[in-house]
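Fold and geometry: a report
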Amino acid sequence: MKHLGRIAVLVAVVGAAAATLMVFGARLGLWQPITGFGFYRSYFNPLAMVVAALGLLALVIHLIRREKGLAMLGGVAAVIGVVMLAPMISSMINPPVRGAPINDITTDTSNPPAFLALDETRAGARTSLVYAGEEVASLQARAYPDIAPLETDLDADAAYARALDVADAMGWEIIADEAENRRFEATARTSTFYFADDVVVVVTAQGSGSRVDMRSVSRIGRSDQGVNAARIRTFQQQF
């Protein structure tokens, strides 16, 4: 028990490092996003509980033994554990709303922009880029009724240039740029776990202005938990 405080801090540091790798390992090229997400679901909360419990135990024991320095180390470890447990505690207090079972969101459900460069061979894809039609359109209408085309006073060429600038600012990787057709395809990544989603943007002339349509599709998962709709909203706001 003499060195429990030091052991608790060491475990906390290693645990925090492991937790960070679970979330950002795919961004570092260590594994595929789904692998990191699997690690997170299986091991993150148990690891956080171990860190918090060991830190609390060290704090109590060293306080009883009146070893203030070691008790402080135990307290630090306990705090790290509690911080790691914050996502679980938050979800228990405010249970997250289950996302609609949809992973393909578009501003035009009647004539959704098609992917021409990206196809079913894209890395790690478990979903199709073929639009599922009325079934997915009705799900989107109920879940995200605000998603609609972006109409702008910019002429089509200026709007297309602006769309490319926004995509660049959002960190998307442009896969295909067809300036002559005013359309481009890109891959966007989520900030956590680094999941890849595929995006197509099409600009069409409309009177003296133009209309910007887009579609965002997740490569993995039956539900995207609202990520694609949020991406479209962010793009339109930044535009």
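A brief look at the structure comes next. (Residues numbered from 1 in each chain as written. Predicted model: local features only at pLDDT ≥ 70, side-chain atom pairs only at ≥ 80, totals over all residues. Heavy atoms only, no water.)

Focus on the overall build of the protein
In terms of helices and strands, the protein carries six helices and six strands. Its helices and strands taken in sequence order, the protein reads α-α-α-β-α-β-α-β-β-β-β-α from the N to the C terminus. Projected onto its principal axes, the C-alpha coordinates of the protein cover approximately 80 × 35 × 30 Å. In the protein, the proportion of contacts linking residues at least 24 apart, taken out of those at least 6 apart, comes to 66%. Accessible area of the protein: about 13000 Å², with a carbon and sulfur share of 59%. In the protein, 21 positive and 23 negative side-chain charges are present, and the distance between their average locations comes to 19 Å. (Helix = DSSP H or I, 4+ residues; strand = E, 2+ residues; numbered from the N terminus. Contact = heavy atoms within 4.5 Å. Areas by Shrake-Rupley, 256 points an atom, 1.4 Å probe, with all protein chains shown as cover. Lys, Arg positive; Asp, Glu negative; His and termini not counted. Charge placed at Lys NZ, Arg CZ, Asp CG, Glu CD.)

Quick notes on the nonpolar core
Counting 30 residues, the largest nonpolar core has W172, F184, V201, V212, F235 and F239 as the members making the most contacts within it. Of all elements in the fold, only α4 (134–143), α5 (156–169), β4 (183–189), β5 (196–206), β6 (209–218) and α6 (227–238) reach the threshold of two or more residues within this core. When residues of this core are assigned to their parent elements, the largest contribution, seven residues, is made by α5. Formed by 14 residues, the second largest nonpolar core is a distinct cluster that contains A8, A52, A58 and L85. (Core = buried A, V, L, I, M, F, W, Y, C linked by side-chain atoms within 4.5 Å. Buried < 20%, exposed > 50% of the residue type's maximum accessible area, 1.4 Å probe, protein only.)

Some thoughts on the side chain of R122
Tracing the backbone through its elements, the reader meets R122 in the loop between β1 (104–106) and α4. Each residue touching R122, except ones within four places of it in the same chain, is listed here: T127, S128, L129, D198, S218 and R219.

Section: the layout of surface pockets
A probe as big as a water molecule, rolled over the atoms, marks out the empty space that is left. Here the largest pocket is characterised by a volume of approximately 1100 Å³. Around the largest pocket sit 35 residues that line it, and F37, R41, F193, F195 and Q225 are the ones nearest its centre. At the level of elements, α2 (33–64), α3 (68–93) and β5 are the ones that each hand at least two residues to the lining of the largest pocket. For the lining of the largest pocket, the element with the most residues is α2, which contributes six residues. The class makeup of the residues in the lining of the largest pocket is 17 nonpolar, 11 polar and seven charged. (1 Å grid on protein atoms, 1.4 Å probe; cavity = no way out; pocket = protein on both sides within 12 Å on 5 of 7 lines; lining within 4 Å. Points joined across faces, edges and corners; volume = space filled by probe spheres on them. Nonpolar A, V, L, I, M, F, W, Y, C, P; charged D, E, K, R; others polar.)

A closer look at the environment of A230
Checked against the element boundaries, A230 lands in helix α6. Judged by relative accessible area, which is 32%, A230 ranks as partly exposed. The sequence separation of A230 and I147 amounts to 83 residues, and the corresponding C-alpha distance is 9.4 Å.

So, the pattern of salt bridges
Summed over the entire model, instances satisfying the criterion amount to 12 salt bridges. The partner of D198 in a salt bridge is R122, and the shortest N-O contact between them spans 2.6 Å. Of the two residues, D198 sits in strand β5 while R122 sits in the loop between β1 and α4, which places them 76 residues apart along the sequence. Judged on exposure class, the residue D198 and its partner R122 are both buried. When salt bridges with common partners are traced through the structure, they connect E120, R122, D198 and R219 into a single cluster. (Salt bridge = Lys/Arg side-chain N within 4 Å of Asp/Glu carboxyl O.)

Some thoughts on α5
If you check α5, its first and last C-alpha atoms are 20 Å apart, about what 14 residues at 1.5 Å a residue would give, namely 20 Å. Every buried residue of α5 is accounted for by A156, A159, Y160, A163, L164, V166 and A167. Along the long axis of α5, the arc covered by the buried residues comes to 160°, so they all point the same way. Pointing more than 90 degrees away from the buried face of α5 are the exposed residues D168 and A169. For α5, the elements touching its buried residues are β2 (150–152), β3 (173–178), β4, β5, β6 and α6. By the N-cap criterion, in which a side-chain oxygen at the helix start approaches the backbone nitrogen of a residue two or three places on, α5 is capped by D155, the distance to D157 being 3.1 Å. The positive-phi residue at the C-terminal boundary of α5 is G171, with phi of around 80°. (Expected span 1.5 Å × (residues − 1). Arc of directions from axis to C-beta. Polar contact = N/O pair within 3.5 Å; in protein donor to acceptor, adjacent residues only side chain to side chain.)

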